[in-house]
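# A structural walkthrough
Next come the chains, spelled out residue by residue.
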Amino acid sequence: MRSRKSLCLARFNSPSKQLPTEHPLNKEILFISDLHISLEKPEITRRFLSFLKDRAPKAAAVYILGDLFDAWIGDDDPTPPNNKIRKQLKHLTNSGTKVYLQQGNRDFLLGNKFCEDTGVTLIDDYLVIDLLGTPTLLTHGDLLCSDDLPYQAFRTKSHTPEWRHYVLSKPLIIRLVMARWYRFRSYFHKRNKTQEIMDVNQGTVINVMREHHCLRLIHGHTHRPAIHDFEINGQPAQRFVLAAWTKDAAEILCWRNSTYQIESI
Ligand code: MN
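Here's what I pulled together on the structure shown here. (Residues numbered from 1 in each chain as written. Predicted model: local features only at pLDDT ≥ 70, side-chain atom pairs only at ≥ 80, totals over all residues. Heavy atoms only, no water.)

## Comments concerning the coordination of the manganese ion
The following threshold applies: Coordinating N, O and S atoms are those within 2.8 Å of the metal (3.2 Å for Na, K and Ca), and as water is not part of the atoms, a site may appear to have fewer donors than expected. Comment: elements are numbered from the N terminus, with helices defined as DSSP H or I runs of at least four residues and strands as E runs of at least two. Exposure classes here rest on a 1.4 Å probe applied to the protein chains alone. A residue is buried below 20% of its type maximum, exposed above 50%, and partly exposed in between.
In this structure, Asp67 (OD), Asn105 (OD1), His140 (NE2) and His221 (ND1) serve as the protein donors to the manganese ion, at separations of 2.1 to 2.3 Å. Donor residues for the manganese ion sit on one chain with the sequence pattern D-x37-N-x34-H-x80-H. With a gap of 35 residues between them, Asn105 in the loop between β3 (98-102) and α4 (112-118) and His140 in the loop between β6 (134-139) and α5 (149-158) connect regions that are remote in the sequence. The burial state of Asn105 is the same as that of His140; both residues are buried.

This is how it looks when you write it as structure tokens:
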């Protein structure tokens with residue numbers, strides 16, 4: 001099997017259409033997801049801070065497609081490294097790079113206060129953007145794992161305003177304990193689930209892409225980085241799965257002038 005890098009090069013040797021877009025054509029759009037930042041993984045925090053400082057300012061926009069944090073119990077949580085991250089994000093958005101943030105299944109309590117503190121913009125899951133001329137569907141990815149019925153039931157419940165209010169009205173210390181409990185429970189539930197159940201359902205992928213009139217989809221969540229080619233109504237379609245960051249490696253999907261490359265940092 002060819003590597004992803006050679007696939008990108010092979011695919012974009014043909015001249016590409018350049019349609020007007022909201023971003024200058026010489027600027028880059030970056031996509032990352034699943035950093036799972038936490039106090040226990042300082043290497044990932046370091047890598048992200050240096051990405052914000054050195055790499056991201058060269059881009060017109062950065063899209064973070066969920067699970068930036070391994071857990072988020074409310075915008076008032078000062079646990080390290082949250083404040084360092086807030087500060088560096090603010091610095092980046094002040095310098096002119098737009099940062100768009102989708103909530104993941106771990107950090108779906110990220111809210112307006114975090115956006116005010118950092119200058120980032122929360123975006124819907126699902127969202128269609130005009131990516132340098134091509135309508136592109138963005139999602140964290142957990143919605144696509146439609147075979148995991150118990151998880152989908154929890155997701156529906158935990159995304160209601162009532163549940164959100166119920167949790168966020170608790171004192172910080174109680175929320176910390178609750179987050180531990182949910183993580184513990186999820187670990188045990190996952191042990192009994194097959195790999196197939198925890199991956200995306202291809203039928204669901206095609207349905208949502210059709211609904212949103214997109215032939216390109218970018219998501220994270222599954223930690224199975226790949227570029228999948230398939231067809232929708234006889235037309236070529238692509239699904240980009242972003243890599244999770246680890247203490248040893250990180251990847252960025254970088255679009256520029258209608259071509260893409262996967263950068264390792
Ligand atoms: Mn996730």
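## What about the sheet that holds strand β5 (residues 127-131)?
Which entries qualify depends on this criterion: By the convention used here, strands pair only if DSSP detects at least 2 bridges between them. Axes, fitted as lines to C-alpha atoms, cover a helix only where it is in contact. Angles between the N-to-C directions of the axes lie from 0 to 180 degrees. Residues count as neighbours in contact if any of their non-hydrogen atoms are within 4.5 Å of one another.
What the five strands build is an open sheet, ordered β5-β6-β7-β9-β8; its pairing is mixed. On the outer flanks of this sheet lie β5 and β8 (226-232), each paired with one strand and no other. Along the sheet, successive strands turn relative to each other by an average axial angle of 25 degrees, direction set aside. Note that strand β7 (residues 216-219) and strand β9 (residues 235-241) share four bridges and pair parallel. The partner of Leu217 across the bridge, within β9, is Arg239. The sheet contacts of helix α8 (residues 202-211) involve β6, β7, β8 and β9, and relative to β8 the element is tilted by about 65 degrees.

## Looking at the nonpolar core
To keep things clear, this is the line we draw: By nonpolar core is meant a set of buried Ala, Val, Leu, Ile, Met, Phe, Trp, Tyr and Cys residues that side-chain atoms within 4.5 Å join together.
Among the nonpolar cores identified, the biggest contains 34 residues, and Phe48 and Phe51 are the most heavily contacted of them. Those elements that provide at least two residues to this core are β1 (28-32), α2 (42-55), β2 (59-65), α3 (82-94), β3, α4, α6 (161-168) and β10 (251-256). Considering each element in turn, this core owes the most residues, five residues, to α2. Residue contacts for Phe51: discarding those within four places in its chain leaves Leu30, Ile32, Ala56, Pro57, Val62, Trp245, Ile252 and Ile265. Formed by 20 residues, the second largest nonpolar core is a distinct cluster that contains Leu65, Leu132, Ile218 and Ile227.

## Observations concerning the pattern of salt bridges
What counts here: Should a side-chain nitrogen of Lys or Arg be within 4 Å of a carboxyl oxygen of Asp or Glu, the pair is scored as a salt bridge.
All chains considered together, the criterion is met by 14 salt bridges. Arg183 serves as the salt-bridge partner of Asp70, at 3.0 Å between the closest nitrogen and oxygen. With Asp70 in the loop between β2 and α3 and Arg183 in helix α7 (residues 172-191), this residue pair connects regions lying 113 residues apart in the sequence. Residue class for Asp70 comes out buried when judged on its relative accessible area of 9%. For Arg183, a relative accessible area of 33% gives the class partly exposed. A single salt-bridge network, built from bridges that share partners, covers Glu28, Arg55, Arg256 and Glu263.

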